There are 2 protein chains.
Amino acid sequence: MRRKIYLKRRDLEVGLKDYMEELERVGFFENDLERIPTDESLGRITGFPVYAKRNVPHYTSAAMDGIALKSRSSFGASESSPKILEIGKDFIFVNTGDPIAKEYDAVLMIEKVRIVDENKVMIFEPVFPTNDLRPIGEDITVGEMIVTRYHKVEHYDIPLFLAAGVFELDVLKRLKAVVIPTGDEITSPREVERSGKIPETNSSMVKAFLIENNVDPVVNDIVPDVPEEIESVIRDALKDFDIVFTIAGSSAGSKDFTYRVLEKIGKVVVHGINIKPGKPVILAVVNKKPVIGLPGFPVSLDVVLQKVVKPIILRKYKTYEKSKKVIKAVSSIRMSSSISEEEYIRGVLANVKNRTVFSPLKRGAANLISLTRHDSILTVEKGKVVVDEGEKVRVEYYGGKLEKKILVVGSHDLLMDVLADLLKMEDHEIVLSSSSVGSMGGIIAISRGYAHMAGTHLFDPKSGEYNIPYIEKFMKDYVLVNMSYRIQGLMVKRGNPKGIKGLSDLTRDDITFVNRQKASGTRVLLDYLLEKEGIDKSKINGYNVEEISHMNVAVKVKEESIDVGMGIESAAKVMRLDFIPIAKERYDLLIDREFAKTSLFEMILKVLKSERFKSEAERIGGYDLTDSGKVIRG
Amino acid sequence: MRRKIYLKRRDLEVGLKDYMEELERVGFFENDLERIPTDESLGRITGFPVYAKRNVPHYTSAAMDGIALKSRSSFGASESSPKILEIGKDFIFVNTGDPIAKEYDAVLMIEKVRIVDENKVMIFEPVFPTNDLRPIGEDITVGEMIVTRYHKVEHYDIPLFLAAGVFELDVLKRLKAVVIPTGDEITSPREVERSGKIPETNSSMVKAFLIENNVDPVVNDIVPDVPEEIESVIRDALKDFDIVFTIAGSSAGSKDFTYRVLEKIGKVVVHGINIKPGKPVILAVVNKKPVIGLPGFPVSLDVVLQKVVKPIILRKYKTYEKSKKVIKAVSSIRMSSSISEEEYIRGVLANVKNRTVFSPLKRGAANLISLTRHDSILTVEKGKVVVDEGEKVRVEYYGGKLEKKILVVGSHDLLMDVLADLLKMEDHEIVLSSSSVGSMGGIIAISRGYAHMAGTHLFDPKSGEYNIPYIEKFMKDYVLVNMSYRIQGLMVKRGNPKGIKGLSDLTRDDITFVNRQKASGTRVLLDYLLEKEGIDKSKINGYNVEEISHMNVAVKVKEESIDVGMGIESAAKVMRLDFIPIAKERYDLLIDREFAKTSLFEMILKVLKSERFKSEAERIGGYDLTDSGKVIRG
């Protein structure tokens, strides 16, 4: 009677870690990719970041039911002196979502329109250009990253990919696995009465488990307890499959041939784990592939599938389990809600300063991007009209580990998406969510504890210093890290048809401009330069028309009648616009002090200083990464 | 400009309820079944209860590594006078799980065996028959219900079905759905640049959502905004599909043709729901099938899919969402655990008396049934050796709504499984878990607040009364309901080869008996009858060998050398044994007072009194249901 001896017995955590490290070392966790049609990509994992190939929406549309009109035709209208508009000439009727032809530059909601007859309407107020228009690229603009690599495709991501012209995706290949039952005493469950043997049912469980976990399984015939046969079947299996499972007949007992075979042909990393049930497991590597000896008792088997096999599959697939749960959080902003309806507000959750923060995404039933970006939904009951900033809310959460969520606000930059993507290569469970609220908005959010990091590029003319004077109006205890220097300038149409040379051209009568929102870094810089050069803002045609990101300004210049906007070189390059450089600015990351103590922040610094980050920045263009990752204050 | 008018607008809850009722009325929630191979049944829903076609395990096996021996050869062994056993004659070596040949009737663990040479061992203690044997039918016996109808097949259920000889399953048919995008303004996302139209991407979301929810979707071509065409496509679709979805092009806008078509050809139950986003939804029934008009905005669409479509699919599939979460509970019993290993203990959770109770299932790595029955796992860390009764524990829970869980203990009866199954027809989310701890064990569990109901059939010779005298030793405030009268008697092999006529035969030398555990109703009754008839227990061959259920006694008589056991007629019938009736007994349900106030309990009473319950009892045989559902105390 030989007793079982576990030569390489470990605690679960240690054993799994040792095995994962060995699998990493032999390259098992590197992924092969395959290209598939986007509309068959449900549940698959992206192998590369996915970039938009067209703007979403790619057309201007009505944000309200009402009339699309030429805004000039409304000027001078008032309650006391309404204006009459003529259909086809001044306006057309539109429904929410309808594309708006180029001749119309605004929408007025139907509630503000009095219908005179079928050809005429009366209006009582002037309408500003872009009023209630949903602009081109509101969801995402050409060249922007829609999702990072290692993103699991959900049902609501597919419409966004298709709308953005992404018809094929490179996704991680599915694993092929073989399940090899072993043992003289076992036979097919249909044969037991005749044979006097015991039924082999374990392979059916492993097969179903693998299917459930997106692995394609093949079940081998039962292999008798003959070491040579076991060896030959495993060797053959390694040619065709990515992962090999053997199952002991019943218990390991005295006939533990698999262990000896695996010691001979490969490396047994773990033999036996201190868990009950589940102890008799063998974790080996042969020909750089995992070969796993599963225990023969069904309950042990299920434990090993859940506790050992599942984490290996998740890591190979660069994914994690999402679970639906209700989480207590605080709202990061004040929101109004409809009194007569139950409202669902999508957002992202993150743990900031010992509390969980819910940051709502842009609302609006048409916003495809809010589906892809959200990880949580706040339900505001009918009758409740306001959710206050800081108010405690209960939110349904669908994401991964909250401790791996990074929330970034402030001024957006294309490199932020690169950072999000490269962090995935450090740890695929990290999710970096960013939203664009402008530099000043970002500083305020950090000072109030609603985000981990904020991108900021605010120039202070008095001190000639970037960011710090603004930050220190709100907080003294913070960490500031440089991300890049960027070239600011004028984005103009390709070929520069209007021959724009500099800021002084902005006041020309034949030129239309689009501005950025107040307190954004670019707006602050522009206003400073205009003043310095003595240029009269009021003479700039379009100074009061605001967009909230570089990319949205770029898309206006690209797609509409706007001639010029101010923004960074990288945005112009991505949108294939011409660019007139004006100034070099510093783009920093303001970091919450608590967050700066975490290993996530260390990882961010590592990425910012990496060659890969630099080469991605070079590929986009318009960046100077000399000081990237340098701690300026902290 | 026509505005949208929602004629049948409702709040979500009301609208969904109205629609569900209409769907119920037209028979949509009745299910068609299909027969599929068991090993392809992962994730499918059973349409009927599944009964075991053979015992699991169907053989006696070793519960320990050691020797299988003839127990008689060990009698007289002691430390001072060990016995030497000869291989092949007195014993063989066995591993845990090995089938044990009929000539051996016990196992002795290897730690208690001294090996003399390869043919001889020395033992130092007598071994009782059945010691460390895993009996036939320990998981489940022939004729027992493995799972009720509407059970979702998990990966770990499949081995049990196969082991029990169930190679095919009748499962609910998958739904076939068609998705019909409508609108003049939309086109395929690949065609937008050329056509100037807007991309139709919503159908890709609906399709993926349906796949995720186990519905087979087909996407129709885009149908223009022409009522006649919409009508004709819907009419055609109703011939081939179980459920029809239309999607508005962008917004409902002024071109809300679908509503008018559905009003014409069927019944619109709801038009507009007070949710945001998601309002413009149409819930109609045409030709007894659901036709659902989905909103055209993607965020609205996703809300309606989650809040309206998903509940309809879940109800049609008689299933519910299981989520994995950690729940605080109290342990219902004291358990020991291994000091050197992390141990995972499977059990069931239920809310009893304002707390959540964790009831462990039978442990043992070979217990297939513990996989199918469990809904939760308690992890006992390495180093912790005891979990006390009432101790607070944190348990991973995988089940449905805890408020729909019913926990039954006490004496088991085949009708309890029938009750569990018929409750599913009342409300498919109800899960009744039962475990067999004997009548007395059941009373104690109820008195301590660890279960909702307990089956009990304890005869009190002094009062001539059933159950009440025993219960009132522990509690005064309770509810008692009759489930059945049952015939108790002697189960003997088919044809009664030993000519057993009554209890007095039990002391015969040529007869072997198997008993029930102390404090079980059957044991109490037997002891009373033996005393009354003046029969000497000590002369009964096997009086000290105990089994814990009627079915396990029956399987012993059926499969082994045991001649007779006492038990109920239904067990004998299911196992196809002959039966000698001895007494009629009352089997009651002891109900926790709090639980008796719930609607679940009302539903139980309704089922107990139903014709369906009576006819199931008649089919099994051995029951008198005159008083079933009658409240005896309460």
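Residues numbered from 1 in each chain as written. Chains lettered and ligands numbered in written order. Predicted model: local features only at pLDDT ≥ 70, side-chain atom pairs only at ≥ 80, totals over all residues.

**Q** An account of the overall build of chain A is needed here, citing residue identities and associated values.
**A** Each helix and strand in chain A was counted, giving 16 helices and 40 strands. With respect to the three principal axes, the spread of C-alpha positions in chain A is 105 × 60 × 50 Å. The contacts in chain A between residues at least 6 apart in sequence include a share of 78% that link residues at least 24 apart. (Helix = DSSP H or I, 4+ residues; strand = E, 2+ residues; numbered from the N terminus. Contact = placed C-beta atoms within 7 Å.)

**Q** Quick one: what's the story with the nonpolar core, residue by residue and with numbers?
**A** One finds Leu419(A), Ala451(A), Met491(A), Ala554(A), Ile591(A) and Phe245(B) to be the most contacted residues of the largest nonpolar core, which totals 171 residues. The contact partners of Phe245(B), leaving out residues within four places of it in the chain, are Ala177(B), Val178(B), Val179(B), Ile180(B), Val206(B), Ile292(B) and Leu294(B). Core analysis: the next-biggest nonpolar cluster, separate from the first, contains 170 residues, Ala52(B), Leu458(B), Val481(B) and Ile591(B) among them. (Core = buried A, V, L, I, M, F, W, Y, C linked by C-beta atoms within 7 Å. Buried ≥ 20, exposed ≤ 12 C-beta atoms within 10 Å, placed from the backbone.)

**Q** Could you give an account of the relation of the copies chain B and chain A, naming the residues involved and the relevant values?
**A** Of the transformation superimposing chain B on chain A, the axial component is 0.0 Å and the angular component is 180°, with the fit at an RMSD of 0.1 Å. Expressed as a symmetry operation, the mapping of one chain copy onto the other fits a two-fold axis. No C-alpha of chain B approaches the rotation axis more nearly than that of Ser323(B), which lies at 3.5 Å. Here 100% of the contact residues of chain B are again contact residues in chain A; the copies associate through an equivalent surface. (Least-squares fit on C-alpha atoms with pLDDT ≥ 70 in both.)

**Q** Summarise the environment of Leu378(B); cite the residues concerned and give the values.
**A** Residues and elements named next belong to chain B. Within the secondary structure, Leu378 is located in strand β26 (residues 376-380). Taking the C-alpha atoms as reference, Leu378 lies 10 Å from Ile327; in sequence the two are 51 residues apart. Leaving out residues up to four positions away in the same chain, Leu378 has contacts with Ile345, Gly347, Phe358, Val393 and Val395.

**Q** For the packing of helix α9 (residues 414-426) of chain B against helix α16 (residues 611-620) of chain B, give the residues involved together with the corresponding values.
**A** Residue and element names in this part refer to chain B. Packing of α9 against α16 leaves a shortest axis separation of 10 Å and a crossing angle of 145°. Relative to α16, the crossing made by α9 is right-handed. Of α16, the residues touching α9 (which contributes Leu414, Leu415, Val418 and Leu422) are Arg612, Phe613, Glu616, Ala617 and Ile620. Residues that form the contact of α9 with α16 fall into these classes: seven nonpolar, no polar and two charged. (Axes fitted to C-alpha atoms, helices over the stretch in contact; angles between N-to-C directions. Left-handed = near helix turned anticlockwise from the far one by under 90°. Nonpolar A, V, L, I, M, F, W, Y, C, P; charged D, E, K, R; others polar.)

**Q** Lay out the environment of Glu125(A) with the relevant residues and their values.
**A** Residues and elements named next belong to chain A. Along the chain, the position of Glu125 falls in the loop between β9 (120-123) and β10 (133-134). Considering only alpha carbons, one finds Glu125 and Pro298, 173 residues apart in sequence, at a separation of 75 Å. Among residues more than four places away in sequence, those in contact with Glu125 are Ala77, Ser78 and Lys112.

**Q** Requested: an account of the sheet that holds strand β5 (residues 83-86) of chain A, with residues and values cited.
**A** Residues and elements named next belong to chain A. Taking strand neighbours across the sheet as the criterion, the three strands line up as β5-β9-β8 in an open arrangement whose pairing is antiparallel. Where the open sheet ends on each side, the last strands, each with one partner, are β5 and β8 (113-117). The average angle at which neighbouring strand axes cross in this sheet is 30°, direction not considered. Sheet topology places β5 next to β9; four bridges connect them, and they run antiparallel. Residue Glu86 lies in a different strand from β9, and its bridge partner there is Lys120. (Pairing = 2+ DSSP bridges.)

**Q** For the interface of chain B and chain A, give the residues involved together with the corresponding values.
**A** Of the residues lining the interface, 70 residues belong to chain B; the matching set on chain A comes to 70 residues. Looking at the side of chain B that touches chain A, the elements with two or more residues in it are α2 (157-163), β15 (198-199), α4 (202-212), β19 (275-276), α7 (298-316), β24 (342-352) and α8 (368-373) of chain B. A per-element tally of the side of chain B that touches chain A places α4(B) first, with seven residues. Residue composition of the side of chain B that touches chain A, by class: 33 nonpolar, 20 polar and 17 charged. Sheet analysis places strand β19 (residues 275-276) of chain A next to β24(B), joined by two bridges and oriented parallel. Paired with Ile275(A) across the bridge in β24(B) is Glu342(B).

**Q** Residues and numbers for the sheet that holds strand β16 (residues 216-219) of chain B, please.
**A** All names here are of chain B. A sheet is described by the order of its strands in space; here six strands give the open sequence β16-β13-β17-β21-β20-β18, paired in mixed fashion. Edge positions in the sheet fall to β16 and β18 (267-271), since each of these pairs with one other strand and no more. Averaged over all adjacent pairs, the angle separating strand axes in this sheet is 20°, with direction ignored. Pairing analysis gives four bridges linking strand β13 (residues 176-181) to β16, with the strands arranged parallel. Paired with Val179 across the bridge in β16 is Val219. Docked against the sheet, helix α1 (residues 12-25) engages β18, β20 (282-286) and β21 (289-294), running at close to 160° with respect to β18. Against the sheet, α4 engages β13, β16, β17 (243-247) and β21, with an angle of about 170° to β13.

**Q** An account of the domain arrangement of chain A is requested, with residue identities and associated values reported.
**A** Residues and elements named next belong to chain A. Domain boundaries in chain A define domain 1 (12-32 + 173-316), domain 2 (39-56 + 138-169), domain 3 (61-134), domain 4 (325-400) and domain 5 (458-633). Each of domain 2 and domain 4 was reduced to a C-alpha centroid, and the two centroids are 24 Å apart. Counting from both sides, the interface comprises 10 residues of domain 2 and, opposite them, five residues of domain 4. Taken together, the elements giving at least two residues each to the side of domain 2 that touches domain 4 come down to β11 (145-147) and α2 (157-163). Counting residues per element, the side of domain 2 that touches domain 4 draws most heavily on α2, which supplies four residues. A breakdown of the residues in the side of domain 2 that touches domain 4 according to their chemical character gives eight nonpolar, no polar and two charged. (Domains from an automatic or database assignment.)

**Q** Lay out the pairing of strand β28 (residues 392-397) of chain B in plain terms, naming residues and giving numbers.
**A** Residue and element names in this part refer to chain B. Residue alternation in β28 divides its side chains into a buried set, Val393, Val395 and Tyr397, and an unburied set, Lys392, Arg394 and Glu396. When strand β22 (residues 325-331) meets β28, the two strands line up antiparallel, connected through six bridges. Bridged to Lys328 within β28 is Arg394. Strand direction decides the pairing type here: β26 and β28, joined by three bridges, are antiparallel. Paired with Ser376 across the bridge in β28 is Tyr397.

**Q** Help me get a handle on the confidence of the model for chain A, residues and values and all.
**A** Of the residues in chain A, 98% have a pLDDT of 70 or more, and the chain-wide mean is 94. Confidence estimates for the predicted assembly give a pTM of 0.94 and an ipTM of 0.94. (pLDDT = per-residue confidence, 0-100.)

**Q** Which residues make up unusual backbone geometry, and what are the values?
**A** Omega for the peptide link from Val56(A) to Pro57(A) comes to -10°, which places this bond in the cis form. Mapped onto the fold, Pro57(A) is located in the loop between β2 (50-51) and β3 (61-62). With an omega of -10°, the peptide bond between Lys276(B) and Pro277(B) qualifies as cis. One can find Pro277(B) in the loop between β19 and β20. Of note, Lys353(A) is a non-glycine position whose phi angle comes to about 50°, a positive value. The topology assignment puts Lys353(A) in the loop between β24 (342-352) and β25 (355-360). Of the residues examined, Lys353(A) has 13 C-beta atoms within 10 Å and is grouped as partly exposed. Here Asn354(B), not a glycine, exhibits a phi torsion of approximately 65°, which is positive.

**Q** Break down helix α10 (residues 438-447) of chain B for me, with residues and values.
**A** Residue and element names in this part refer to chain B. Counting buried positions over the 10 residues of α10 gives nine, a clear majority of the element. All buried positions along α10 are accounted for by Gly438, Ser439, Met440, Gly441, Gly442, Ile443, Ile444, Ala445 and Ile446. On its buried face, α10 sits against β29 (405-410), β31 (453-456), α11 (468-471), α12 (521-532) and β38 (578-591).

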